[in-house]
Amino acid sequence: MKVERQEHVDVPLALHPTAQDLLFREARTANTFTTEPVTEEQVQAIYDLVKYAPTAYNQSPLRIVLVRSDEARERLVHHMAEGNGSKTSAAPLVAILAADNEFHEELPVLLPHFPQAKDLLFADRPAREESALLNATLQAAYFILGVRAAGLAAGPMTGFDFPGVQKEFLDDDHTPLMVVNIGRPGTDAWYPRSPRLAYNEVVTTV
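Notes on the structure in this doc start here. (Residues numbered from 1 in each chain as written. Predicted model: local features only at pLDDT ≥ 70, side-chain atom pairs only at ≥ 80, totals over all residues. Heavy atoms only, no water.)

Let's talk about the overall build of the protein
In plain terms, the rule: The numbering of helices and of strands both runs from the N terminus, where a helix is a DSSP run of H or I of at least 4 residues and a strand a run of E of at least 2. The classification of residues rests on relative accessible area computed with a 1.4 Å probe and restricted to protein chains. Under 20% of the type maximum is buried, over 50% is exposed, and intermediate values are partly exposed. Pairs of residues are marked as contacts when any of their non-hydrogen atoms sit within 4.5 Å. Areas reported here follow the Shrake-Rupley algorithm with a probe of radius 1.4 Å; residue values treat only the protein chains shown as occluding. Two residue types count as positive, namely Lys and Arg, and two as negative, namely Asp and Glu; His and chain ends fall outside the count. Charge positions come from single atoms, namely NZ of Lys, CZ of Arg, CG of Asp or CD of Glu.
If you tally the helices and strands in the protein, you get nine helices and four strands. Each helix (α) and strand (β) of the protein, taken in turn from the N terminus, gives the series α-α-β-α-α-β-α-α-α-β-α-β-α. Structurally, the protein occupies a C-alpha span of about 50 × 50 × 35 Å along its principal axes. Within the protein, the proportion of its 206 residues that are buried is 40%. Pairs at least 24 residues apart make up 79% of the contacts formed inside the protein by residues separated by at least 6 positions. With an accessible surface of roughly 12400 Å², the protein has 56% of that area assigned to carbon and sulfur atoms. Averaging the positions of the 18 positive and the 28 negative side-chain charges in the protein gives two centres separated by 5 Å.

What about helix α2 (residues 40-50)?
Rule in force here: Each direction from the helix axis to a C-beta atom contributes to the arc, which is the arc of those directions.
Those residues of α2 that sit buried are Gln 42, Val 43, Ile 46 and Val 50. Each buried residue of α2 lies within a common arc of 95° when the element is viewed along its axis, so the set occupies one face.

As for the nonpolar core
Filter applied, for reference: Only buried Ala, Val, Leu, Ile, Met, Phe, Trp, Tyr and Cys residues count toward a nonpolar core, and they belong to the same one when joined by side-chain atoms within 4.5 Å.
In terms of nonpolar packing, the biggest core is built from 26 residues, with Leu 97, Phe 143, Val 147 and Ile 182 touching the most fellow members. Elements with a minimum of two residues in this core: α2, β2 (93-100), α7 (125-149) and β4 (174-183). Membership of the second largest hydrophobic core comes to 17 residues, among which are Ala 72, Met 80, Met 157 and Phe 169.

Here's the deal with a nonpolar patch on the surface
Operational definition: To count toward a patch, a residue needs a relative accessible area over 30% and no salt bridge; like charges are then connected within 9 Å, while nonpolar side chains (Val, Leu, Ile, Met, Phe, Trp, Tyr) are connected within 5 Å. Put simply, a salt bridge is a Lys or Arg side-chain nitrogen that is within 4 Å of an Asp or Glu carboxyl oxygen.
Taken together, the side chains of Val 11, Leu 13, Leu 15 and Phe 24 make up a nonpolar region of the molecular surface, amounting to roughly 370 Å² of accessible area. Note on placement: Leu 13 falls in the segment before α1 (17-25).

A short note on the sheet that holds β4
The cut-off we apply is this: When DSSP finds two or more bridges between a pair of strands, those strands are recorded as paired. Here, axes are lines fitted to C-alpha atoms. For helices the fit covers the stretch in contact, and angles between N-to-C directions go from 0 to 180 degrees.
Strand order across the open sheet formed by four strands is β1-β2-β4-β3, with antiparallel pairing between neighbours. Unpaired on one side and paired on the other, β1 (62-67) and β3 (153-157) mark the two borders of the sheet. Going across the sheet, the axis of each strand differs from the next one's by a mean of 30°, ignoring polarity. Relative to β4, β3 runs antiparallel, the two sharing five bridges. Paired with Met 157 across the bridge in β4 is Val 179. Along the sheet face, α7 touches β1, β2, β3 and β4 and points at about 155° away from the line of β2. Sheet strands in contact with helix α8 (residues 162-169) are β1, β2 and β4, and its direction is about 90° off that of β4.

Description of the packing of aromatic side chains
Test applied: Two aromatic rings, drawn from Phe, Tyr or Trp (for Trp, its six-membered ring), form a pair once their centres lie within 6.5 Å of each other, and the interplanar angle then sorts them: stacked below 30 degrees, edge-to-face above 60, tilted otherwise.
On inspection of all chains with the given rule, the structure shows four aromatic pairs. Judged by centre distance (6.4 Å) and plane angle (50°), the rings of Tyr 57 and Phe 114 are tilted. Residue Tyr 57 is located in the loop between α2 and β1, and its partner Phe 114 is located in the loop between α5 (107-110) and α6 (117-120); the two are separated by 57 residues in the primary sequence. Considering the side-chain rings of Phe 103 and Phe 122, the 5.0 Å spacing of their centres and the 75° angle between planes classify their relative orientation as edge-to-face. Note that Phe 103 is positioned in the loop between β2 and α5 and Phe 122 in the loop between α6 and α7, a separation of 19 residues in sequence. Taken as a pair, Phe 103 and Phe 122 share a single burial class, namely buried. The rings of Tyr 57, Phe 103, Phe 114 and Phe 122 are connected pair by pair, giving a single aromatic cluster.

Observations regarding the pattern of salt bridges
Evaluation of the coordinates by the stated rule reveals 13 salt bridges. Here Arg 63 and Asp 100 are joined by a salt bridge, their closest N and O atoms 3.2 Å apart. Of this pair, Arg 63 sits in strand β1 while Asp 100 sits in strand β2, placing them 37 residues apart in sequence. The class of Asp 100 is buried, set by a relative accessible area of 8%. Among the salt bridges present, the one from Lys 118 reaches Asp 119, with a minimum N-O distance of 3.5 Å.

Shown next, in the form of structure tokens:
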């Protein structure tokens, strides 16, 4: 039996419908961009908004590398999967999002009421890596929403050589999560909208 899918549900939300469209309904993964630059001030504003994303013990493990120079862009494109390289070459700004596996060093500042969490909970590297991966990914999702809130489009990608990008731009303490192209959407920026699961296909009540 075919389940009817709904894109709009007319229920009261605190967020204005225009903002709902900007962040969710009309927001898409962009594949082309205009040449309009993305400024440092825009990125700062995005970060100052999304830094409030929830993370366990306020660990905030997301780290962001902005790829701005032509030389760095060329090095990054070399590690992108076929089909992603051209998009990354043309985007006004590219960000590498990574998880900091040594996030615990910041916990005495980030968690002042429980500074001992650094040693009690995260002394073990494998435990840190697992926690950093989960929480930085959560922050990355907020980052994409922040890009949209700035009136820009995001093109997040995981099609790249992870070890290569880590070696080229990070270090052994940072795990790459995704590469995000950022800018104003260009010509034919969108693929057709794919279906989404309906509420009753996802939600159960117990």
